[in-house]
Amino acid sequence: MAGVGSRSELLNLLGDVKARVQDKIGIVDFPMPQFILIGKQSVGKSRLIEALAGETFNFISGTLGSRRPTILEFRNVVGSKNSRWFVRDRQSGHWNEHEVSKVMQLVGDAHEELGETVSPEPICVRVQSPACVDMQIVDLPGFRDFALDQTKQELCTRIEELVMTFMRDPRNVMLCVEQCGDAATMSTLGKCRQIDPKFQRTILVRTKLDKYYTDLTKENVNQWVDGFGDLPENLVRFALTLPWWQDGELCPAETFVKMQDDFNQKDQAEMRDRQLKNEYMQTIGFQSFGAYMEKKIEHMFADAINPVLDKLRELKTKYTSKEQSLQTEFEETDPHRILSTTRECGISFASALRSVMEGIPNLKTGRMTLEKELKEFHEYHKKLGSDHFQMLPSEDFMGLDDYIDYLQNDIQIGASDAEVNGGAQFRRVMAEVEIFLRFSEIAVETKKRDVIQARGVSMSSLTWRDVVVKLLSNEAHLPLQRRVQYVGERIKWFFQIQKDSVIDFMSSLEGNPSEKMYSSLLPKNVKLIKQNEMIKHLVFSTYDQACQRQLNQFIELFDNMLTSTFANPWVFLKGATYNGYAEDGDAALPSLDETKDRIPKEIQSRSSIESKLSEWLLGIPTDSHQIDEAVDKVQMLVLKTYSFIRSQVCDQVELFAESFFKLPMLRRLEEDMNRIALSEQDKANYKARRERLEGDVIKVRENLKEVADCTERLQAFKLKCQAQRSR
């Protein structure tokens with residue numbers, strides 16, 4: 001590209017694109033190549049940066065040295081008389097111009113504020129000068145050879161970890177700075193070898209060449225440049241002398257560039273006098289290094305065009321989608337439409353909940369195993385301090401883990417190890433709560449005194465049937481009632497944790513082949529729910545209120561059923577009236593006479609359990625001298641009757657859950673959402689949100705314009721270069 005005179009244009013173009021994307025859009029992670037400067041302390045890293053900048057400066061980083069990256073962006077401005085220095089504000093991201101002395105102070109303060117810690121957050125400096133090279137370089141803290149105490153050693157370790165993180169980034173080209181000397185002892189180069197064993201992105205820069213002149217002769221100079229066999233042939237390496245002066249002296253800024261040229265010429269002359277091969281002469285002196293860097297930067301930036309274009313296209317897609325979402329939300333939050341919009345979002349949420357309960361195969365959000373589900377349920381109520389129901393089915397369990405082990409290994413509940421959500425998870429909840437209910441037992445042992453007390457003063461005051469009912473109501477109702485509360489809380493919690501699954505399902509419909517199977521409002525309204533915290537809050541709070549209402553109704557209806565059951569268990573325990581048809585013969589509707597004959601038989605046959613209980617009741621003696629035998633039989637009858645009631649309740653717990661909780665919940669939720677009302681505070685919040693949205697829409701459109709302009713410029717430049725190459 002240099003052949004067609006486009007190098008500087010390319011560097012300026014990509015630099016401008018990067019600056020616009022970072023400054024105006026705030027995208028820091030941009031696929032642009034950069035150099036990182038690594039090496040031990042006092043090897044000449046700072047002086048190399050000054051040479052690249054074309055002027056002297058001194059970053060004051062205190063007695064502990066630098067402790068964070070310093071990103072230096074050099075911009076060559078042809079025709080400019082003086083250099084200009086800028087520092088990027090770490091809070092706002094804006095570039096602010098300062099005097100050099102102020103820049104040095106800001107950089108020093110950024111390091112000193114860290115104390116004896118390190119930070120990956122960089123301090124960014126930009127230099128615009130006619131003498132600098134177009135490039136970006138990251139000056140990293142120097143490696144430390146030793147530490148005086150444990151605290152300093154910890155600092156050394158953290159610095160090395162920070163530098164190694166930058167070295168591992170494949171976009172970074174490593175400028176490894178070492179002093180001229182024995183190649184076998186170059187520790188920083190050894191670290192580069194670990195990260196980049198083929199030295200594909202490592203450039204070795206050996207400084208202070210002038211101190212090594214006297215050790216070089218015609219006989220060893222070529223072997224020394226080659227590292228005496230310790231440097232691989234494919235490693236790009238340079239040896240040079242950078243400007244220096246005696247301690248205590250100051251270098252006038254106007255003579256620095258001249259000193260740089262003088263040292264470069266001396267390096268060349270000294271090595272030429274020692275008859276260094278021409279192929280090696282290209283690696284001697286700062287000018288050789290600078291020429292290589294210009295070509296390297298050109299190629300790196302040329303290779304970066306396509307990744308940068310891809311990133312810009314990605315940003316365009318992102319901001320286009322964001323603009324559409326914000327614009328939709330802005331329109332839907334119009335004061336005249338906001339209430340209907342909120343209700344519409346809630347109705348869509350309720351509709352999506354029904355679909356999730358029916359089962360969505362690829363819906364992954366909210367999936368959990370039975371173990372995770374029970375642990376999160378217990379943790380939730382532990383934080384609430386719930387004590388109105390039993391958390392474990394029996395005191396004999398050592399804890400939750402013991403109960404989970406029982407469910408998984410003894411009972412072997414289906415899909416206990418599978419991660420499920422929605423309807424499948426509800427089925428598993430039903431299986432678990434049924435087992436929980438079956439652990440219900442009468443709280444205390446029925447004693448002789450209790451039986452006599454329930455019978456009354458006279459042996460003929462009440463029948464034994466009435467005594468059994470009294471004892472059941474007094475001792476058996478509460479244990480079952482507390483476990484029913486657990487069932488209700490488990491179902492309520494199940495519905496509450498389905499929110500994320502429902503939102504994910506609604507979001508997944510956009511662009512999905514199954515999108516046409518559902519309302520087109522689902523993907524539209526889910527964006528409003530996710531973007532607008534007010535809508536989300538109102539929909540979720542209404543949903544939580546519906547869950548609580550259904551829990552209250554479930555407990556109330558179940559309690560009423562249990563109260564009725566224990567008040568007259570004999571009616572509850574009547575057998576079925578089924579009398580099956582004969583299996584052989586043709587199927588035909590019965591005649592009137594056949595129906596008349598069937599009805600009395602069914603009524604007589606429904607008293608299976610009731611007959612058995614009546615038989616046991618008749619077996620209880622009524623004479624006073626047989627009271628001990630009567631007590632034993634009453635105790636047995638109470639336990640048997642309770643076991644029958646418990647079995648019937650547990651057998652039908654899923655029916656009760658469906659009838660008293662799930663179906664009313666799903667049927668009435670849309671109605672609840674349609675009754676959402678806005679308080680004055682909600683209206684004020686919506687107004688504030690709408691004002692922010694207006695600003696967000698403007699900002700996103702500005703970002704889109706920046707991205708579009710950058711993309712257009714890069715594509716035009718790419719086409720121009722391709723056309724020039726084809727000539």
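Above this text sits the structure in question.
This section reports on the structure supplied with the text. (Residues numbered from 1 in each chain as written. Predicted model: local features only at pLDDT ≥ 70, side-chain atom pairs only at ≥ 80, totals over all residues. Heavy atoms only, no water.)

**Here we look at the side chain of Ser 129**
Put simply, the test is: Secondary structure elements are taken from DSSP: a helix is a run of H or I of four residues or more, a strand is a run of E of two residues or more, and numbering for both begins at the N terminus. In this scheme, a residue with accessible area under 20% of its type's maximum is buried, one over 50% is exposed, and one in between is partly exposed, where area comes from a 1.4 Å probe on protein chains only. Here, residues are in contact when the closest pair of their heavy atoms is within 4.5 Å.
Inspection of the secondary structure puts Ser 129 in strand β5 (residues 123–129). The class for Ser 129 is buried, based on a relative accessible area of 4%. The contact partners of Ser 129, leaving out residues within four places of it in the chain, are Ala 53, Glu 55, Arg 75, Asn 76, Val 77 and Ser 83.

**Concerning the sheet that holds strand β8 (residues 202–207)**
Hydrogen bonds between backbone groups are what pair the strands of a sheet, and the pairing can be parallel or antiparallel. To keep things clear, this is the line we draw: Strands are treated as partners if at least two bridges between them are detected by DSSP. Every angle, taken between N-to-C directions, lies between 0 and 180 degrees, and every axis is a line fitted to C-alpha atoms, over only the stretch in contact when it is a helix.
Ordered in space as β4-β3-β5-β2-β6-β1-β7-β8-β9, the 9 strands form an open sheet in which the pairing is mixed. The sheet is open, and its two edges are formed by β4 (95–98) and β9 (236–239), each paired on a single side. The sheet shows a mean angle of 25° between the axes of neighbouring strands, direction not considered. The pairing of strand β3 (residues 84–88) with β4 spans 4 bridges and is antiparallel.

**As for the packing of helix α10 (residues 338–358) against helix α18 (residues 521–531)**
The cut-off we apply is this: By the definition adopted for this analysis, an angle is roughly parallel if under 35 degrees, roughly antiparallel if over 145, roughly perpendicular if from 65 to 115, and oblique otherwise. The hand of a helix crossing depends on one turn: near helix anticlockwise from the far one by less than a right angle means left-handed, and clockwise means right-handed. Under the convention adopted here, Pro, Cys and the residues Ala, Val, Leu, Ile, Met, Phe, Trp and Tyr are nonpolar, Asp, Glu, Lys and Arg are charged, and Gly plus all remaining residues are polar.
Contact geometry of α10 with α18 gives a least axis separation of 9 Å together with a crossing angle of 120°. Overall, the two elements α10 and α18 adopt an arrangement that is oblique. The two elements α10 and α18 cross, and the hand of that crossing is left-handed. Only Leu 521, Leu 522, Lys 524, Asn 525, Leu 528 and Ile 529 of α18 make contact with α10, whose side of the interface consists of Thr 341, Glu 344, Cys 345, Ser 348 and Ala 352. When its residues are assigned to classes, the contact of α10 with α18 shows 6 nonpolar, 3 polar and 2 charged.

**Some words on the pattern of salt bridges**
Our working rule: Whenever Lys or Arg places a side-chain nitrogen within 4 Å of a carboxyl oxygen from Asp or Glu, that contact is recorded as a salt bridge.
If you walk through the whole model with that rule in mind, you get 30 salt bridges. The partner of Glu 121 in a salt bridge is Arg 68, with the nearest N and O atoms 3.7 Å apart. Of this pair, Glu 121 sits in the loop between α3 (100–112) and β5 while Arg 68 sits in the loop between α2 (45–53) and β2 (70–76), and the two are 53 residues apart along the sequence. Glu 121 gets classed as partly exposed once you look at its relative accessible area, which sits at 37%. Residue Arg 68 is classed as buried on the basis of its relative accessible area of 1%. For Arg 126, the salt bridge goes to Glu 73, with nearest N and O atoms at 3.6 Å.

**Concerning helix α4 (residues 150–168)**
Applied cut-off: Here a helix's expected span is defined as the number of its residues, less one, multiplied by 1.5 Å.
When the terminal C-alpha atoms of α4 are compared, their 27 Å separation across 19 residues agrees well with the 27 Å that a helix rising 1.5 Å per residue should span. For α4, every residue scored as buried is listed here: Leu 155, Cys 156, Ile 159, Leu 162, Val 163, Met 164, Phe 166 and Met 167. Where α4 is buried, its residues touch β1 (34–38), β6 (135–139), β7 (172–179) and α5 (187–195).

**Thoughts on the packing of aromatic side chains**
Geometry of an aromatic ring pair is reported as the spacing of the ring centres plus the angle between the planes. What counts, and what does not: Ring pairs are drawn from Phe, Tyr and Trp, using the six-membered ring of Trp, whenever the two centres fall within 6.5 Å, and their geometry is named by plane angle: stacked under 30 degrees, edge-to-face over 60, tilted for the rest. We call a charge positioned above a ring when the Lys NZ or Arg CZ atom is no farther than 6 Å from the ring centre and deviates by at most 35 degrees from the ring normal.
Applying the stated criterion across every chain yields a total of 28 aromatic pairs. Across the ring face of Trp 95, the terminal group of Arg 126 is positioned such that the distance to the ring centre comes to 4.2 Å. The ring of Phe 377 has Arg 490 lying over it, and the distance from NZ or CZ to the ring centre is 5.4 Å.

**Observations regarding the side chain of Lys 492**
Spelled out, the test is: Positive: Lys, Arg. Negative: Asp, Glu. His and the chain ends are not part of the count. Two N or O atoms count as a polar contact when they lie within 3.5 Å, although within protein this holds only if one can serve as hydrogen donor and the other as acceptor, and sequence-adjacent residues are included solely when both atoms are side-chain atoms.
Take Lys 492: it is sitting in helix α16 (residues 477–496). No salt bridge is formed by the buried Lys 492; the nearest opposite charge belongs to Glu 489, separated by 4.6 Å. Among the polar contacts listed, one links the side chain of Lys 492 to the side chain of Gln 548, at a separation of 2.5 Å. If we ignore the near neighbours within four places in the chain, the residues touching Lys 492 are Cys 547, Gln 548, Leu 551 and Phe 661.

**Some thoughts on the pairing of β8**
Most of β8 is tucked away, with 6 of its 6 residues classed as buried. Alternating positions in β8 separate into two faces, Thr 202, Leu 204 and Arg 206 on one and Ile 203, Val 205 and Thr 207 on the other, with burial throughout. Of the pairings in the sheet, the one linking β7 to β8 comprises 6 bridges and is parallel in character. Counted as the bridge partner of Val 177 is Val 205 from β8. Note that β8 and β9 share 4 bridges and pair parallel. Its bridge partner being in β9, Leu 204 is matched across the sheet by Arg 237.

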